[in-house]
Amino acid sequence: MPTCVAAKQTVLSVDDSLISQQMIKRALDNSYRVLLADNAVDALSVIYQEAVEALLLDISMPGIDGFELCRTVRSLPRFKNLPIVMVTSRDTEADRQEARMAGASGYLTKPCEPERLKAVMGRLLPQS
């Protein structure tokens, strides 16, 4: 009898650093379907075309930064409950506060240990 394998939940990581993207993909690839974008415009296109269950955002990106992208996504009714985690090298209390005000669900500083990233994702996206 064939077994039904549950589809992996989809996570979109938005970061202009290829090294950060590779680290996140390696850390999450076994448990999640990881999509990558290196800017806010591409990220918005992806979330409209794919059923994304969580968004990982870097703050410091050229053009539209992670705070603005977070606010934009939060302003769209269909994404108001989408888990959004800032994954950034910026580690000031002001940055953390701005992330919360923008609507972020979590905040991790880079370099981020793969186990810590997996733990945060596990809390935000419980596996069925």
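None of the values given here were measured: they were computed from a predicted structure. (Residues numbered from 1 in each chain as written. Predicted model: local features only at pLDDT ≥ 70, side-chain atom pairs only at ≥ 80, totals over all residues. Heavy atoms only, no water.)

(A) Quick look at the overall build of the chain. Looking only at helices and strands, one finds five helices and five strands in the chain. For the chain, whose C-alpha radius of gyration is 14 Å, the value lies close to the compact-globule estimate of 14 Å for 128 residues. Summarising its shape, the C-alpha atoms of the chain cover approximately 55 × 30 × 25 Å along the three principal directions. Within the chain, the proportion of its 128 residues that are buried is 43%. Carbon together with sulfur atoms contributes 54% to the accessible area of the chain, which is approximately 7200 Å² in total. Positive and negative side-chain charges of the chain, numbering 15 and 16 respectively, have mean locations separated by a distance of 6 Å. (Helix = DSSP H or I, 4+ residues; strand = E, 2+ residues; numbered from the N terminus. Rg over C-alpha atoms; globule rule 2.2 N^0.38 Å. Buried < 20%, exposed > 50% of the residue type's maximum accessible area, 1.4 Å probe, protein only. Areas by Shrake-Rupley, 256 points an atom, 1.4 Å probe, with all protein chains shown as cover. Lys, Arg positive; Asp, Glu negative; His and termini not counted. Charge placed at Lys NZ, Arg CZ, Asp CG, Glu CD.)

(B) Fine view of helix α2 (residues 40–49). All buried positions along α2 are accounted for by Ala40, Ala43, Val46 and Ile47. Here the buried residues of α2 occupy an arc of 115 degrees about the axis, which is enough to place them on one side. Opposite the packed face of α2, turned more than 90 degrees from it, sit the exposed residues Val41 and Gln49. Where α2 is buried, its residues meet β1 (9–14), β2 (32–37), β3 (54–57) and α3 (66–75). (Arc of directions from axis to C-beta. Contact = heavy atoms within 4.5 Å.)

(C) Layout of the packing of α2 against α3. As a packed pair, α2 and α3 sit with axes 11 Å apart at the nearest point and diverge in direction by 25 degrees. Comparing their axes, α3 and α2 come out roughly parallel. α3 is crossed by α2, and the crossing has right-handed handedness. Within the contact between the two elements, α2 uses Ala40, Ala43, Leu44 and Ile47 and α3 uses Leu69, Thr72 and Val73. (Axes fitted to C-alpha atoms, helices over the stretch in contact; angles between N-to-C directions. Parallel < 35°, antiparallel > 145°, perpendicular 65-115°, else oblique. Left-handed = near helix turned anticlockwise from the far one by under 90°.)

(D) Examining the packing of aromatic side chains more closely. Applying the stated rule across the entire model yields one aromatic pair. Consider the rings of Tyr48 and Phe79, whose centres lie 5.6 Å apart with planes at 80 degrees: the pair is edge-to-face. Of this pair, Tyr48 sits in helix α2 while Phe79 sits in the loop between α3 and β4 (84–88); the two residues are 31 residues apart in sequence, bridging distant segments of the chain. Since its relative accessible area comes to 6%, Phe79 is described here as buried. (Phe/Tyr/Trp six-rings, centres within 6.5 Å; stacked < 30°, edge-to-face > 60°.)

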